[in-house]
Amino acid sequence: VLCNKRQTKKVMEDRLLFKFLKNEASAKEVREVLDWLDESPANREYLNALDEADFALQIWQTKLRRERLEPAAPKRAPMSLRLRGAVHWASAVAAVLVMGLASGYLLTEYNLSRAPEVTFVSTNGQSTLHLMDGTRVWLTPGSSVSYPTRFGRKHRTVSLKGEAMFEVAPDAQCPFLVKTFACTARVLGTRFDIVADEENNEFSAALLNGRLQVTHNETRGSVVMNPLEIVRLNNGLLVKDKLEDVDNYLWTEGIINLRGLKFEEIVRKLEANFHVRFVVERDRMPSVSFGWGKVAVSSGIEHALEVLRYGSDFEYDYDRNAGVVTIR
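Predicted model only: the values in this text are computed from it and were never measured.

Rules behind the numbers
Residues numbered from 1 in each chain as written. Predicted model: local features only at pLDDT ≥ 70, side-chain atom pairs only at ≥ 80, totals over all residues. Heavy atoms only, no water. Axes fitted to C-alpha atoms, helices over the stretch in contact; angles between N-to-C directions. Helix = DSSP H or I, 4+ residues; strand = E, 2+ residues; numbered from the N terminus. Parallel < 35°, antiparallel > 145°, perpendicular 65-115°, else oblique. Contact = heavy atoms within 4.5 Å. Nonpolar A, V, L, I, M, F, W, Y, C, P; charged D, E, K, R; others polar. Phe/Tyr/Trp six-rings, centres within 6.5 Å; stacked < 30°, edge-to-face > 60°. Buried < 20%, exposed > 50% of the residue type's maximum accessible area, 1.4 Å probe, protein only.

Undergrad: Give a detailed account of the packing of helix α5 (residues 263-274) against helix α6 (residues 301-310), specifying residues and quantitative values.
TA: Packed helix pairs are specified by the crossing angle of their axes together with the interaxial distance, meaning the distance between the axes. The contact between α5 and α6 brings their axes to 11 Å, and the two run at 170 degrees. Looking at the two axes, α5 sits roughly antiparallel to α6. For the pair formed by α5 and α6, the contact residues are Phe263, Ile266, Leu270 and Phe274 on the first element and Ile301, Ala304 and Leu308 on the second. Here the residues of the contact of α5 with α6 are counted per class, giving seven nonpolar, no polar and no charged.

Below you can see the structure in the form of structure tokens.
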């Protein structure tokens, strides 16, 4: 009975592997096979052998179908011709085995590179994400990052919409790429912040430590950054400056820096972090002048509004039930 159970399990496993080789497996099944391949080199050798056998079987089936359609030979060929044919067939079999081995390796590489993609959206406040290579990602509310369930061997590529802080696990042989609507950032191991706001055509990359290369997707213009530098996209050009205020990146710790922001910029940050909506019932936006000032998200929206009033002149009403802040 135990033997029968083992045989049934192996048959089912082979069926799944054949589905994987033919690109017919579901996303869940692909992840199952990839995890199994990572367990040992013997598993990868078994998959290659399975692919070789399937490839050779297809050759034999094609040959048999052709023989059924072709009329039988009137008489046996001379021995010399039969020997020559045998040598030719042996060479063909060797070629099939080599092709099968190569196709198994290439197909495995192909399936690894075609791992299903996952999109993570930060919907309830700031979120933290750990990728499979050890990279840590912080996302501002409403931002999203897409990444494969299994990174390839040549590069680790993710796509970003919104703002995120990355702390990349170093791997000199497999660079980390962050793709956005405007530019692509290439890193080997570093900590940096990227803003990719396509709706407002805003892109920036701030480097806190390590090295970062930013390349424009269309012009292919490229900038290499050193620590405490920031690159912004200005009229299609990448402009590099010194990073004046590292406090702008304390948002990963739940702190909003108010220094140097316009009122509408502060409003966008408050709306995103506190899940409220601002309505301005006045002809002009209030003017603000903050040479200082930080707000902890944990303190709540009303505390943030009171802090904001210190550097501006406005009144407000807050409807807690509707989540609406009216500026007067």
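Undergrad: Can you lay out the packing of aromatic side chains for me, pointing to particular residues and giving the numbers?
TA: Overall, the coordinates contain four aromatic pairs when judged by the stated rule. Note on phenylalanine 166 and phenylalanine 192: the rings are 5.1 Å apart at their centroids and 15 degrees apart in plane angle, and the pair reads as stacked. Pair noted here: phenylalanine 166 is in strand β5 (residues 156-167) and phenylalanine 192 is in strand β8 (residues 191-197), with a separation of 26 residues, a long-range link. The pair phenylalanine 166 / phenylalanine 192 is uniform in exposure class, with both members buried. Pairing phenylalanine 263 with phenylalanine 314 gives two aromatic rings, centres 5.5 Å apart and planes at 70 degrees, and the pair type is edge-to-face. Residue phenylalanine 263 is found in helix α5, and its partner phenylalanine 314 is found in the loop between α6 and β17 (316-319); the two are separated by 51 residues along the sequence. Its relative accessible area of 2% is what places phenylalanine 263 among the buried residues. One aromatic cluster in this structure is built from Phe151, Phe166, Phe176 and Phe192.

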